[in-house]
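# Topology and contacts: notes
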Amino acid sequence: MFKPFAEVSKLVHYSLWGFATFLIGLGALYVLYDIWLVPYWIAVPLSVGVNLILHYAASRRFVFTKTDRPVEEGLFIFICIGVLEIIFITGGVTLLVEYTSVGLYWSRIGVGIYAIVTGK
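Here we summarise the structure given alongside this text. Sequence order as written defines the numbering, with residues in each chain counted from 1. For this predicted model, a pLDDT threshold of at least 70 governs which residues receive local features, and a threshold of 80 or more governs which side-chain atom pairs are given and counted, while totals over whole chains, interfaces and linings are taken from all residues. Heavy atoms throughout the structure, all of them, feed into the side-chain values; hydrogens and water do not.

### Focus on the nonpolar core
What tends to happen in soluble globular proteins is that the nonpolar side chains get buried as a cluster. Selection rule: Nine residue types can take part in a nonpolar core, namely buried Ala, Val, Leu, Ile, Met, Phe, Trp, Tyr and Cys, and a core is a set of them joined through side-chain atoms within 4.5 Å. Residue burial is assigned from relative accessible area. The probe radius is 1.4 Å, only protein chains are included, and a residue is buried under 20% of its type maximum, exposed over 50%, and partly exposed in between. Under the scheme used here, helices are H or I runs from DSSP no shorter than 4 residues and strands are E runs no shorter than 2 residues, and both carry numbers assigned from the N terminus. The contact criterion used is simple: two residues touch if any of their non-hydrogen atoms lie within 4.5 Å.
Counting 17 residues, the largest nonpolar core has Leu29, Ala43, Val44, Val48, Ile89, Val93 and Leu104 as its most contacted members. At the level of secondary structure, the elements contributing two or more residues to this core comprise α1 (4–35), α2 (40–63), α3 (71–99) and α4 (104–118). Ranked by the residues each element gives to this core, the list is headed by α2, at six residues. For Ala43, the contacting residues outside a window of four places in its chain are Leu29, Leu32, Tyr33 and Val38.

### Quick notes on the packing of α1 against α4
The following threshold applies: Whenever a helix is involved, its axis is fitted only over the stretch in contact; in every case the axis is a line through C-alpha atoms, and angles between N-to-C directions fall within 0 to 180 degrees. Here is the rule for angles: anything less than 35 degrees is roughly parallel, anything more than 145 is roughly antiparallel, 65 through 115 is roughly perpendicular, and the remaining ranges are oblique. Crossings are classed by handedness, with left-handed meaning an anticlockwise turn of the near helix from the far one by less than a right angle and right-handed meaning a clockwise turn. For this classification, Asp, Glu, Lys and Arg are treated as charged, while Ala, Val, Leu, Ile, Met, Phe, Trp, Tyr, Cys and Pro are nonpolar and the rest, including Gly, are polar.
Orientation of α1 relative to α4, taken along the N-to-C sense of each, is 150°, at an axis distance of 11 Å. The orientation of α1 relative to α4 falls into the category roughly antiparallel. Once α1 is placed against α4, the crossing between them reads as right-handed. Facing α1, whose interface residues are Phe22, Leu26, Leu29, Tyr30, Tyr33 and Asp34, α4 presents Leu104, Tyr105, Arg108 and Ile109. When grouped by side-chain class, the residues that make up the contact of α1 with α4 number eight nonpolar, no polar and two charged.

### Observations concerning the environment of Val71
Among the secondary structure elements, Val71 is positioned in helix α3. Between the C-alpha atoms of Val71 and Arg60, which are eleven residues apart in sequence, the distance is 8.5 Å.

### Brief notes about the packing of aromatic side chains
Selection rule: Within 6.5 Å between ring centres, the rings of Phe, Tyr and Trp (the latter by its six-membered ring) count as paired, and their orientation is classed by plane angle as stacked under 30 degrees, edge-to-face over 60, tilted in between.
Throughout the structure, instances matching the rule amount to four aromatic pairs. Taking the centre distance of 5.8 Å and the plane angle of 55° together, the rings of Tyr14 and Phe64 count as tilted. Pair noted here: Tyr14 is in helix α1 and Phe64 is in the loop between α2 and α3, with a separation of 50 residues, a long-range link. We classify Phe64 as partly exposed; its relative accessible area is 35%.

Here it is as structure tokens:
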């Protein structure tokens, strides 16, 4: 049975966890790029991976607690979407950093927002 309040509540929690893990991903980018001096074209996909893994784990643990989908199936879907997202975000950030005057962090934030809004 469809419960509108429950569905909106899940969406809000999913979004909040997404924002929190996005900030953690930015923190990972900072550590990788500014502290450990990893090249940005390696640091970006690694930090996006951190963001995605934490978001999946938090969503699975705290949001979609009563899903009938097995963990393995959800993880497979997550990995497929995550690989595409890593490629898209890394490509977008690389284009902005290399061919515009947009800085690394603003590029990462902008491409991340674009990916969220458009579903790319």
